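Examining the three-dimensional arrangement
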Amino acid sequence: MKKLFVDLGHSIKYPGASGIKSEVQWNRAIWLYLRELLDKKKFEIVLVPFSFWSDYSSNKNLINRISFINKRSRYTDLLISIHGNAAANPRVRGVTTCYMGGSESARLEASALSKVYAEITHVPVWHSGAFDDRDGRFGRIGMVRDTKPFALLIEAGFVTNEEDMDVDAGIAASAIARYLNQF
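Residues numbered from 1 in each chain as written. Predicted model: local features only at pLDDT ≥ 70, side-chain atom pairs only at ≥ 80, totals over all residues. Heavy atoms only, no water.

Quick look at the nonpolar core now. Within the largest apolar cluster, 38 residues are counted, with the highest numbers of intra-cluster contacts made by W26, I30, I80, I82, Y117, I154 and I176. Of all the secondary-structure elements, those providing two or more residues to this core are β1 (2-7), α1 (23-37), β3 (78-85), β4 (95-99), α3 (104-121), β6 (150-158) and α6 (169-180). It is α6 that provides the largest number of residues to this core, a total of 8 residues. Every residue in contact with I82, bar those within four places of it in the chain, is listed here: V6, D7, L8, G9, N27, I30, L34, I154 and I176. (Core = buried A, V, L, I, M, F, W, Y, C linked by side-chain atoms within 4.5 Å. Buried < 20%, exposed > 50% of the residue type's maximum accessible area, 1.4 Å probe, protein only. Helix = DSSP H or I, 4+ residues; strand = E, 2+ residues; numbered from the N terminus. Contact = heavy atoms within 4.5 Å.)

With that settled, the discussion passes to the sheet that holds strand β5 (residues 125-132). Taken together, the 6 strands give an open sheet; going across it, the order is β2-β1-β3-β6-β4-β5, and neighbouring strands pair in mixed fashion. Among the strands making up the open sheet, the edge pair consists of β2 (43-47) and β5. Adjacent strand axes in the sheet meet at a mean angle of 20° when their direction is disregarded. Of the strand pairs in this sheet, β1 and β2 are connected by 5 bridges, and their pairing is parallel. Its bridge partner lying in β2, L4 is registered against I45. Against the sheet, α1 engages β1, β2, β3 and β6, with an angle of about 135° to β3. (Pairing = 2+ DSSP bridges. Axes fitted to C-alpha atoms, helices over the stretch in contact; angles between N-to-C directions.)

Looking now at α6. Spanning 12 residues, α6 covers 16 Å between terminal C-alpha atoms, matching the ideal 16 Å at 1.5 Å per step. Of all 12 residues in α6, 9 are buried; the element is thus mostly enclosed. Those residues of α6 not exposed but buried are A169, G170, A172, A173, A175, I176, A177, Y179 and L180. On the buried face of α6, the contacting elements are β1, α1, β2, β3, α3 and β6. Measuring from the backbone nitrogen of G170 back to the side-chain oxygen at the start of α6 gives 2.7 Å, which picks out D168 as the cap. (Expected span 1.5 Å × (residues − 1). Polar contact = N/O pair within 3.5 Å; in protein donor to acceptor, adjacent residues only side chain to side chain.)

Below, the discussion takes up empty space enclosed by the protein. Considering all chains together, one arrives at 1 cavity of 30 Å³ or more under this definition. By volume, the largest cavity is sized at about 40 Å³. L78, L79, I80, F150, L152, Y179, L180 and F183 are the residues that line the largest cavity. The set of elements that each furnish at least two residues to the lining of the largest cavity consists of β3, β6 and α6. No other element matches the 3 residues that β3 contributes to the lining of the largest cavity. Partitioning the lining of the largest cavity into residue classes produces 8 nonpolar, no polar and no charged. (1 Å grid on protein atoms, 1.4 Å probe; cavity = no way out; pocket = protein on both sides within 12 Å on 5 of 7 lines; lining within 4 Å. Points joined across faces, edges and corners; volume = space filled by probe spheres on them. Nonpolar A, V, L, I, M, F, W, Y, C, P; charged D, E, K, R; others polar.)

A few words now on the environment of S18. Note that S18 resides in the loop between β1 and α1. Classification of S18 as exposed rests on a relative accessible area of 54%. Separated by 50 residues in sequence, S18 and F68 place their C-alpha atoms 26 Å apart. Those residues in contact with S18 that sit more than four places away from it in its chain are V159 and T160.

Before going further, it helps to examine the side chain of N181. Within the fold, N181 resides in the segment after α6. Among the polar contacts listed, one links the side chain of N181 to the backbone oxygen of L37, at a separation of 3.0 Å. Reaching out from N181, the side chain makes a polar contact with the backbone nitrogen of D39 at a distance of 2.8 Å. Residue contacts for N181: discarding those within four places in its chain leaves L37, L38, D39, K42 and F43.

The phi angle of most residues is negative, glycine excepted, and most peptide bonds adopt the trans form. Of note, the phi angle at H122 is positive, near 70°, even though the residue is not glycine. Within the secondary structure, H122 is located in the loop between α3 and β5. Its identity as a non-glycine residue notwithstanding, S128 has a phi of 65°, on the positive side. Its location among the elements puts S128 in strand β5. Here S128 falls in the exposed class, since its relative accessible area comes to 58%.

As structure tokens, then:
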């Protein structure tokens, strides 16, 4: 059976972006519904821990989460990391999915996830729906680049945009589940 690792991005101590909601609030709200919607006949669901005893920075927390995944996964497994985006301009909105740059198949999957999310939630697609991790702030996004399983990181709307945060977390979860259950 294939494992599906679910990373909820960030932790209570290092909560990520904030706005109308915090990223941690948004991610955990989605998870409450998503865990019931994932096909447990297809996947062994593994929730990545939020924190570790050695977390002394947000970067160390990320390294620990990646290490947890890599120690327990195979290359045939899947990983979804759920996040919320943020912008200084509160009118900026949309969904985009980060993928490991240089992989055309990963780009297509990232675009497909964003498209399903947009269709179900009515949150518009942002940045063509697929975001090359090499375009990130640090030139790479560790969760999609440094993990063993195929990984996508969805920015499920902007936590700084009221319309994106008005989306019901259950509907957001159903969009993500619809995409994942196809595997």
